[in-house]
Structure formats: C-alpha cells, structure tokens
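Here is what each chain is made of, one letter per residue.
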Amino acid sequence: MECHGGCKLLTAKRREYDEDDVRVRATRGSRPRTRTRPKHDDAIEGFVVAVDRGRYTVDGPDGTTVTAMRARELGRKSVVVGDRVALVGDVSGSAGALARIVRIADRESVLRRTADDDDTTTEGRIERVVVANADQLVIVSSLSDPPPRTGFIDRCLVAAYDADIEPILLLTKSDLATPNEILDYYAALDLPHLLTGPDADLTPIRKELAGHVSVLVGHSGVGKSTLVNRLIPGTGRAVGEVSAIGKGRHTSTSAVALRLPPIGKSRKDPGWIIDTPGVRSFGLALVSADSVLHGFPDLVEGTVDCPPNCDHLPGAECALDAWVAAGHADERRLASFRRLLASRTSSDLDG
C-alpha cells in the first residue's frame, strides 16, 4: 500500500499480552492477607494454675507442669487462672521448655471485680477477672481479729450470684468467738457455712471442696493462707499477722490454683482451690442494679409492690421499708443493700 508521497506505511504486528507479562510489585496495602489460622489438631489440653509477667504455669497431661506463653494469634484475649487452654510446642515440662497457648476454651463462669464501685472513675471502669471456671466461691471470714465484715461478705455474694457461682461462707478462728451473730444475720438465706479453727478437723471442708473448682476470697489476715497450708501440706503459702488496728497485711500476691490431695483411698476428684490475694474491697461498678438486688434474695419479693423504676433508696414509695417492718427481712440486710446501691456513685468500698 502506497501513500500519495510515494512512501510505504509500515504495519506493526499487534502483540497479544497475557497475565505473565505483567508483574506488579506488591505493596503493604496490596499484599493478600488471610485469616486462616492453623487448627492445631495435635494440641493438648491444660489448666492454667498461675500467671506471672506473661508466663503461664499450666497443669498438663498426667499432672505435668508446663510453662507456656500466649500465642500471637490469640490477639488481645487474656489468659487467667482457671482457664482451660490448648497447648502446642514443648509440653514436656522440662527445665527451659516453653509451650504456646493457642486456644482458650469457652469459660463456664467468670468472677470479676472492680477497684471502685463508681463506673465514672478509672478504677470503676477497669474490670479485673479474678478467676475463670470456678463453680464455688468460698468467702473466708474470721470470727475475730479481724472481726467479720458483713458488708464485704454481701459484696462477694452479689458477685457470686452475678457470675452464677455457688457461694459458701467459711468462718475461721472459731476458737476466738462464736458464729451465732453472723449466722443470725444470714439466717434467711440458704447459705452453706463451715467453721474451722487452729486444731479443727478439716474433713467437712475437704468433702465440700471435693469435685469442685473453688476460689477462696477474703480480707487479709482472716486465715486463708493458714487454711491452704493445712489443706495442702507443703504448699508454703506466706502467712501474715494482723496489725494493731485490726487489718491484715497482704501475704499472697497473686492467684494460684492448687490441686487438693485425695481424701483417704477415695477415687473421687479431690478438686482444686484457687487462693487469691487478700483484698480490702470488692468493687461492683459493672454489676447491674438488678444483679445487686438478686444478691439479697431475702429482699427480692419485697420489691414487687415498688413503683416502676424504683431506685430502692430510702423514700416514701419504696416498698422495702414496709417489707422489713412486717418482719420479712432483717433491717440490717436492707441497710447493707442500700449502702451498696449508694456506693455505686461514691468511693465507699468497705461496707
């Protein structure tokens, strides 16, 4: 083909391109990502017994004590004492061995507390998980030196009912005082209780703990560590003294789960106890007002005649005053309930 100027048009062959001809360097924004995680089908099960600065002590198969760290794939999921976990890596338990926690089983219960009752404060907004998977809350209170504090016990009862954990009241130092007054205070409740002293037979307590994961909670100085050392000889939990003003000094510094020894020749699971640090308060900032009420089952029925949205604080319309006046509940219980409600907007934690 010729043009008018006598020149020839050069026709170039078109080239067919395919995807192999195109190479694009991947950038951080264009690199494909996947959420597929390894299944870890070979993982073994374990029970977290202690937590210490990012290292977890886990009771593994056949009672092997495994040291583990949390796998990155868990994200921000926390691991606490009482968690049932899946382990991979070196699970031999030998010196220097380190396994990884790759899964946390769904928790059957979670016992929580805040440092403050007021959820408008930083301490009130931070919720601390005390333990996971406990099915009994053993509220340890001494009968004397220091004396029992019903306000604290009431708080623990609210937390137990809110977490769907069965509470038990364990009264120590029975050689120093009688339990009549404290038992009378809780007479309207179906609250199991146990007594113990320095030389008391621990068999009733052992039977109550067998087959359960029980968390022990109490003020410092009430004898928790002494009790643990008696239940599990050789444990060596530090024991403190009570100060001159009747307050115990903190001895245990972190929660730890301990396997109870078998009872005689019984093949029944002897159970676990989780000893927690002595606490001065048990904040309930993130527990709903309804849950606080259900921590006082002797008062629940009395609210039927309350007006809608009743705050149950002292007032002419709250039916609880008439309920107590009619002898259906102890006035001290109503006073404690109202202190708890009022403390949710203040920093009064002692009760």
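Residues numbered from 1 in each chain as written. Predicted model: local features only at pLDDT ≥ 70, side-chain atom pairs only at ≥ 80, totals over all residues. Heavy atoms only, no water.

**Quick look at the overall build of the protein chain**
- The number of helices and strands found in the protein chain is nine helices and 13 strands.
- Here the protein chain holds 351 residues, and the buried ones make up 42% of them.
- Within the protein chain, residue pairs in contact and separated by at least 24 positions form 67% of the contacts whose partners lie at least 6 positions apart.
- As presented, the protein chain carries roughly 20,500 Å² of accessible surface, and 48% of it is formed by carbon and sulfur atoms. (Helix = DSSP H or I, 4+ residues; strand = E, 2+ residues; numbered from the N terminus. Buried < 20%, exposed > 50% of the residue type's maximum accessible area, 1.4 Å probe, protein only. Contact = heavy atoms within 4.5 Å. Areas by Shrake-Rupley, 256 points an atom, 1.4 Å probe, with all protein chains shown as cover.)

**Points about the side chain of D154**
- For D154, the position within the fold is in helix α2 (residues 150-162).
- In contact with D154, other than residues within four places in its own chain, are Y185, Y186, F296, R333 and S336.

**Re the nonpolar core**
- By size, the foremost hydrophobic cluster in this structure holds 52 residues, and its most contacted members are L111, L137, Y186, L299 and F337.
- Element by element, the count of residues in this core is highest for α2, at seven residues.
- Residues V140, L194, L258 and L260 belong to the second largest nonpolar core, which totals 18 residues. (Core = buried A, V, L, I, M, F, W, Y, C linked by side-chain atoms within 4.5 Å.)

**Some points on the packing of aromatic side chains**
- Under the counting rule described, the total for this entry stands at three aromatic pairs.
- Geometrically, the ring pair formed by F47 and W272 is tilted, given 4.8 Å between the ring centres and 45° between the ring planes. Placement of the pair is F47 in strand β1 (residues 44-52) and W272 in strand β13 (residues 272-275), with a sequence separation of 225 residues.
- Taking the relative accessible area as the measure of exposure, F47 reaches 7% and is therefore buried.
- Judged by its relative accessible area of 9%, W272 is buried. (Phe/Tyr/Trp six-rings, centres within 6.5 Å; stacked < 30°, edge-to-face > 60°.)

**Quick look at the confidence of the model for the protein chain**
- Across the protein chain, the average pLDDT comes to 82, with 77% of residues at or above 70.
- Looking across the protein chain, the model is least confident in helix α1 (residues 122-125), with a mean pLDDT of 57, and most confident in strand β9 (residues 166-172), with 97.
- In the model, residues 240-252 has pLDDT below 50 throughout and makes 31 contacts with residues more than four positions away in sequence or in other chains.
- Note that pLDDT drops below 50 for residues 347-351; the model gives that stretch 16 contacts with residues more than four away or on any other chain. (pLDDT = per-residue confidence, 0-100.)

**Structural notes on the environment of P167**
- Turning to its location among the elements, P167 is positioned in strand β9.
- Each C-alpha atom of the pair P167 and L191 lies 7.1 Å from the other, and the pair is 24 residues apart in sequence.
- Once residues lying within four places of it in the same chain are set aside, the contact partners of P167 are L137, I139, L157, A160, Y161, L191 and P192.

**Some thoughts on the pairing of strand β8 (residues 136-142)**
- Counting buried residues along β8, seven of its seven residues qualify, which places the element largely inside the surrounding structure.
- The alternating pattern of β8 places Q136, V138, V140 and S142 and L137, I139 and S141 on opposite faces, both of which are buried.
- Across seven bridges, the pairing between β8 and β9 is parallel. Of the residues in β9, the one forming a bridge with V138 is I168. (Pairing = 2+ DSSP bridges.)

**Considering unusual backbone geometry**
- Cis geometry marks the peptide bond from D145 to P146, where omega comes out at 0°.
- Turning to its location among the elements, P146 is positioned in the loop between β8 and α2.
- A positive phi angle is found at N309, which is not glycine, with a value near 60°.
- By secondary structure assignment, the location of N309 is in the loop between α7 (297-300) and α8 (320-325).
- Taking the relative accessible area as the measure of exposure, N309 reaches 81% and is therefore exposed.

**Side note on a negative patch on the surface**
- Taken together, the side chains of E108, D135, D164, E166 and D190 define an acidic patch exposed on the protein surface.
- Looking at the element boundaries, E108 is found in the loop between β5 (99-104) and β6 (110-114). (Patch = residues over 30% accessible without salt bridge, like charges linked within 9 Å, V, L, I, M, F, W, Y side chains within 5 Å. Salt bridge = Lys/Arg side-chain N within 4 Å of Asp/Glu carboxyl O. Lys, Arg positive; Asp, Glu negative; His and termini not counted. Charge placed at Lys NZ, Arg CZ, Asp CG, Glu CD.)

**A word on the pattern of salt bridges**
- Summed over the entire model, instances satisfying the criterion amount to ten salt bridges.
- A salt bridge links D184 to R332, with the nearest nitrogen and oxygen atoms 3.3 Å apart. With D184 in helix α3 (residues 180-185) and R332 in helix α9 (residues 331-343), this pair connects stretches of sequence that are 148 residues apart.
- Taking the relative accessible area as the measure of exposure, R332 reaches 33% and is therefore partly exposed.
- In this structure, D330 and R332 form a salt bridge, with 2.7 Å as the shortest nitrogen-oxygen distance.
- Residue classification places D330 among the partly exposed residues on the basis of a relative accessible area of 23%.
- In this structure, a network of salt bridges that share partners links the residues D154, D298 and R333.

**Considerations on the pairing of β1**
- Here β1 pairs with strand β4 (residues 84-89) via four bridges, running antiparallel. If you follow F47 over to β4, its bridge partner there is R84.
- Bridge count between β1 and strand β2 (residues 55-59): five bridges; the pairing is antiparallel. The residue bridging D52 from the neighbouring strand is R55, located in β2.
- Taking the residues between adjacent antiparallel strands as the criterion, β1 and β2 are bridged by two residues, where R53 takes a positive phi near 50°.

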